[in-house]
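Notes for the structure review
For reference, the chains in residue letters:
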Amino acid sequence: MGRASQRKGRAGELELARLLRGYGYDVHPGQAVSYGATPDLVGLSGVHIECKRNERLNVPEAMAQAVRDADRFRDGAPAVFHRRNRSGWLVTMRLPDWMEMYQKVEKSST
């Protein structure tokens, strides 16, 4: 991975952390250029965040990385937070993980 790509990725992590803090969550980026030694972002309870800033994201590959890292760090359901230039952030999760989260929210609201 080139330096420009690393800088773009780090900028994406910092941007996403600021956005999530704006929603009231104490989210912080992991170590800069850790090569997978630390999670991209920490602090969103029950969710492993894989952050991607990419124009042509390979979603299955990114999700596979999120699953591997979530398993290794044991920090929650794997989720890929991603965005392209001049676009908003999107979140990709596996359906069973999303349903589990949704059902917890649904149960707590009844």
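Below: a short report on this structure.

Thresholds, definitions, all that
- Each chain carries its own residue numbering, running from 1 in the written order of its sequence.
- With pLDDT at 70 or above as the cut-off, local features in this predicted model cover only qualifying residues; side-chain atom pairs require 80 or more to be listed or tallied, and sums for whole chains, interfaces and linings still use all residues.
- With hydrogens and water set aside, each side-chain value is computed from the structure's full complement of heavy atoms.
- Here's how the labels work: a residue is buried when its accessible area is under 20% of the maximum for its type, exposed when over 50%, partly exposed in between, all with a 1.4 Å probe on protein chains only.
- Helix and strand labels come from DSSP, where a helix needs a run of H or I of at least four residues and a strand needs a run of E of at least two; each type is numbered from the N terminus.
- Strand pairing is assigned whenever DSSP detects at least two bridges linking the two strands.
- Here, nonpolar core means buried Ala, Val, Leu, Ile, Met, Phe, Trp, Tyr and Cys residues that are tied together by side-chain atoms lying within 4.5 Å of each other.
- A contact between two residues is defined here by any heavy atoms of the two lying within 4.5 Å.
- Candidates for patches are residues over 30% relative accessible area with no salt bridge; among them, like charges are joined within 9 Å and nonpolar side chains (Val, Leu, Ile, Met, Phe, Trp, Tyr) within 5 Å.
- Every accessible area reported is derived by Shrake-Rupley at a probe size of 1.4 Å, with residue values counting cover from the shown protein chains alone.
- Each salt bridge in this description consists of a side-chain nitrogen of Lys or Arg and a carboxyl oxygen of Asp or Glu lying within 4 Å of one another.

Let's talk about the pairing of strand β4 (residues 77–83)
- Across the 7 residues of β4, 7 count as buried, placing the element largely inside the fold.
- Side-chain alternation along β4 places A77, A79, F81 and R83 on one buried face and P78, V80 and H82 on a second face that is also buried.
- Note that strand β3 (residues 47–53) and β4 share 7 bridges and pair parallel. The partner of K52 across the bridge, within β4, is H82.
- Where β4 meets strand β5 (residues 90–93), 4 bridges bridge the pair, whose relative direction is antiparallel. Residue H82 lies in a different strand from β5, and its bridge partner there is L90.
- Linking two consecutive strands that pair antiparallel, namely β4 and β5, is a turn of 6 residues; a positive phi of about 55° is found at R86 within it.

Concerning the nonpolar core
- Counting residues in hydrophobic clusters, the biggest one holds 11 residues: L16, A17, L20, V27, L41, L44, V47, I49, C51, A79 and F81.
- Every element with two or more residues in this core is listed here: α1 (3–22), β3 and β4.
- Every residue in contact with F81, bar those within four places of it in the chain, is listed here: L16, L44, V47, I49, E50, C51, K52, W89, L90 and V91.

Observations concerning a nonpolar patch on the surface
- On the surface, a nonpolar cluster with roughly 340 Å² of combined accessible area is contributed by L95, W98 and Y102.
- Exposure remark for Y102: the relative accessible area of 40% places this residue in the partly exposed category.

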